[in-house]
Each structure stands twice: as structure tokens, then as C-alpha cells.
Amino acid sequence: MTLKPLGDKVVLKFTQAEETSKGGIILASSAQEKPQTAEIIAVGPGGIVDGKEVVMQVKAGDKVILSKYAGTEVKLGADEYVIVKQSDILAIVE
């Protein structure tokens, strides 16, 4: 099963969260912060969204930074994804 986003939506997969603090302390999974860096898995076609022309500026494979509480989390099998609007993406990491 694959996810195919519509409109200005983007499917992301989070990168692994840090398991140790900067001081070397191992963090429990409940103490880890939600990562803000993710890889784009799929990109919607853009087009007219809410009466405005939306041109997609990201592509599959890009690494991005997104708003902390953005998107809808989706689980397919063992994999977890988040679906966000393109406007929730803050930057592309190069």
C-alpha cells in the first residue's frame, strides 16, 4: 500500500530521534522530543487549493524541517508517516 497525497499535501517520514543527550545521557523514548527533520516520501500535484495557485517547491527525497506540531500522523504496517501541507515545511536541508 502506498500513500498518494492530494493538492498541496506532502507525505514525510521522520528521521531517527537522538537517543542520547549532548552530555551522553541515554534518553527514554518518552523523554525524546518529536523530531522536526524528515524526508519527503511523496508530493501532491499542487494546483488550485482554496482558490489560490499552489506550485510545489519540494520533491520526493528532499530532507526538510517542519513546524513542531504540524500534520497528521499515519501508520501503515510498521512504518509511521506524517502528512502536512507544503506551507508547514519551514526549510529544505541541503
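Below you will find a few notes about this structure. (Residues numbered from 1 in each chain as written. Predicted model: local features only at pLDDT ≥ 70, side-chain atom pairs only at ≥ 80, totals over all residues. Heavy atoms only, no water.)

### So, the overall build of the protein
Looking only at helices and strands, one finds zero helices and eight strands in the protein. The N-to-C order of helical and strand elements in the protein reads β-β-β-β-β-β-β-β. (Helix = DSSP H or I, 4+ residues; strand = E, 2+ residues; numbered from the N terminus.)

### Digging into the sheet that holds strand 7 (residues 79-85)
Read across the open sheet, the six strands follow the order 6-7-1-2-5-8; overall the sheet is antiparallel. Of all the strands in the sheet, just strand 6 (72-76) and strand 8 (89-93) have a single pairing partner and so form its edges. The average angle at which neighbouring strand axes cross in this sheet is 40°, direction not considered. (Pairing = 2+ DSSP bridges. Axes fitted to C-alpha atoms, helices over the stretch in contact; angles between N-to-C directions.)

### Concerning the nonpolar core
Counting 14 residues, the largest nonpolar core has Val10, Leu12, Ile40, Leu66, Val84 and Ile89 as the members making the most contacts within it. Elements that contribute at least two residues to this core include exactly strand 1 (9-14), strand 2 (37-43), strand 5 (63-66) and strand 7. Ignoring anything within four residues of it in the chain, the contact list for Val84 reads Asp8, Lys9, Val10, Leu12, Leu66, Ala70, Gly71 and Ile89. (Core = buried A, V, L, I, M, F, W, Y, C linked by side-chain atoms within 4.5 Å. Buried < 20%, exposed > 50% of the residue type's maximum accessible area, 1.4 Å probe, protein only. Contact = heavy atoms within 4.5 Å.)

### Comments concerning the side chain of Gln86
Topologically, Gln86 is positioned in the loop between strand 7 and strand 8. Filtering out sequence-adjacent residues up to four positions away, Gln86 remains in contact with Asp8, Val10, Val54, Val55, Met56, Gln57 and Val58.

### Regarding the pattern of salt bridges
Summed over all chains, the structure comprises four salt bridges. Here Glu39 ties to Lys63 by a salt bridge, and the two come within 3.4 Å at their closest N and O atoms. With Glu39 in strand 2 and Lys63 in strand 5, this pair connects stretches of sequence that are 24 residues apart. Here Glu39 falls in the partly exposed class, since its relative accessible area comes to 30%. Taking the shortest distance from any N to any O, the salt bridge between Asp62 and Lys59 comes out at 3.0 Å. A relative accessible area of 10% places Asp62 in the buried class. Given a relative accessible area of 54%, Lys59 falls into the exposed group. (Salt bridge = Lys/Arg side-chain N within 4 Å of Asp/Glu carboxyl O.)

### Focus on the environment of Ile83
Mapped onto the elements of the fold, Ile83 is located in strand 7. The partly exposed category is assigned to Ile83, whose relative accessible area is 25%. Along the primary structure Ile83 and Ile41 are separated by 42 residues, whereas in three dimensions their C-alpha atoms are 9.9 Å apart. If we skip the residues at most four places from it in the chain, Ile83 touches Lys9, Val10, Val11, Gly71, Thr72 and Val74.

### Points about the pairing of strand 1
Of the pairings in the sheet, the one linking strand 1 to strand 7 comprises four bridges and is antiparallel in character. Bridge pairing in strand 7 places Val11 opposite Ile83. Two elements, strand 1 and strand 2, share five bridges in a ladder whose sense is antiparallel. For Leu12, the partnering residue across the bridge sits in strand 2 and is Ile40.

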